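Geometric and topological summary
Spelled out, the chains give:
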Amino acid sequence: MEPSESVQTEVKITYRHCRTHEDFLACQRIEREVWNDPELEVPITLYVVAVETGGQVIGAFDGERMVGFTYAVPGIHEGRIYLHSHQTGVLPEARNRGVGRGLKLFQRADALARGIDLVEWTFDPLELKNAYFNLMRLGAEVRRFVPNCYGVTGSPLHGGLPTDRLVAEWELRSERAERCLSEEPPVASIRADAVRIAVPKAIGKLKVSDPDAARAVQDRIREEFQKWFGKGYVVVAIETDGEESCYVLEPGDGGAKS
Ligand SMILES: CC(C)(COP(=O)(O)OP(=O)(O)OC[C@H]1O[C@@H](n2cnc3c(N)ncnc32)[C@H](O)[C@@H]1OP(=O)(O)O)[C@@H](O)C(=O)NCCC(=O)NCCS
């Protein structure tokens, strides 16, 4: 796919780069609908900066109407150029139809066409749908945990909890990513020495009904992620079983000590 061209999916969504003020205003409208939080809002000037400095602003359109977008800035780690994807949002009524994945696939094609083969972003480990999307539908993996990444904010979205984040690393040419692109799970089988970190599926409701209990879950999983990442483990999948979802971690290439 030529990234400069627009593409259509079976649900008649068109994906293309955003370059005009009108496009950026549409991103901001989606931003307000998805996150509804002035404290977290990205100003239009930064969309312009992203486009001008090698980042990306990509929109998903149903006819003329933008229904989702993804926004990334260029980054550099030890000399390796990558994209840091700061926002991906789809309007609630357009979700679970493949629009989010379509945006990420367009992002991937554009990055590869420009010689960039890594995209990263952060996500809240308590947001299990995002975790599933990142790990199982895109083939990202996780080996880093950033405690209280953005500080404790006044945002109702953060519910007064520390903003703990996992870092999704999407190696665009990896076997995991290639498998997911072919609609296969990212790994053929889970290793016998894998470990699991469980999160109650009801964590979203718990944040509202019992913030102290939600905080206790957050504290427990922070400790577990830090322990296993410290031993060189990598999150390779998420499994759902009854009332819980489990992050599945395997020893990384560096070899793990138990
Ligand atoms: C994350 C987001 C961008 C995904 O967009 P989307 O258009 O719904 O994504 P897709 O339809 O391509 O894929 C979603 C997958 O999650 C699955 N899913 C939906 N609800 C789920 C749930 N509660 N638990 C687990 N998986 C779920 C869907 O079935 C789909 O998988 P499938 O293709 O195997 O059916 C969208 O949900 C969103 O805008 N969320 C709010 C903003 C956000 O959190 N953004 C990410 C962090 S910046």
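Treat the numbers as computed from the prediction; the structure is a model and nothing was measured. (Residues numbered from 1 in each chain as written. Predicted model: local features only at pLDDT ≥ 70, side-chain atom pairs only at ≥ 80, totals over all residues. Heavy atoms only, no water.)

1. Some words on the site of the ligand
To keep things clear, this is the line we draw: Being near a molecule or strand, for a residue, means having at least one of its heavy atoms within 4 Å of it. Whenever a nitrogen or oxygen atom comes within 3.5 Å of another N or O atom, the pair is scored as a polar contact, on the condition that within protein one atom can donate a hydrogen and the other can accept it, and that pairs from neighbouring residues in sequence are kept only if both atoms are in side chains. What sets the accessible areas is the Shrake-Rupley method with a 1.4 Å probe; for residues, cover comes only from the shown protein chains. Buriedness of a pocket was judged along seven lines, with at least five required to meet protein on both sides within 12 Å; pockets are open sets of points on a 1 Å grid over the protein atoms alone, cavities are sets where a 1.4 Å probe fits but cannot get out, and lining residues have an atom within 4 Å of a point. Think of it this way: if more than half of a molecule's atoms are within 2 Å of a pocket's grid points, that molecule is in the pocket or cavity. Helical segments are the DSSP runs of H or I of at least four residues, strand segments are the runs of E of at least two, and each set is numbered from the N terminus. Each residue is assigned to one class: nonpolar for Ala, Val, Leu, Ile, Met, Phe, Trp, Tyr, Cys and Pro, charged for Asp, Glu, Lys and Arg, and polar for all the others, Gly among them.
Neighbouring the ligand are 17 residues, the closest being Thr-88, Val-90, Gly-98, Gly-100 and Arg-137. Interatomic distance of 2.8 Å between a backbone N/O atom of Val-90 and an oxygen atom of the ligand. Between Lys-129 and the ligand, the recorded distance is 3.1 Å, taken from a side-chain N or O atom to an oxygen atom. In isolation the ligand offers 950 Å² of accessible surface; the protein chains occlude 71% of this area. Assessed atom by atom at 2 Å from the grid points, the ligand resides in the largest pocket. Those elements that place two or more of their residues in the shell around the ligand are strand 5 (80-90), helix 3 (99-113) and helix 4 (128-137). By residue number, the principal contributor to the shell around the ligand is helix 4, which donates five residues. When grouped by side-chain class, the residues that make up the shell around the ligand number six nonpolar, six polar and five charged.

2. Re the state of the cysteines
Our working rule: Throughout, a disulfide means two cysteine sulfur atoms within 2.5 Å of one another. Residue burial is assigned from relative accessible area. The probe radius is 1.4 Å, only protein chains are included, and a residue is buried under 20% of its type maximum, exposed over 50%, and partly exposed in between.
Taken as a whole and judged by the stated rule, the model has zero disulfides. For the unlinked cysteine Cys-180, the closest cysteine sulfur is that of Cys-246, found at 19 Å. For Cys-180, a relative accessible area of 0% gives the class buried.

Taken by themselves, the reported measurements are silent on function.
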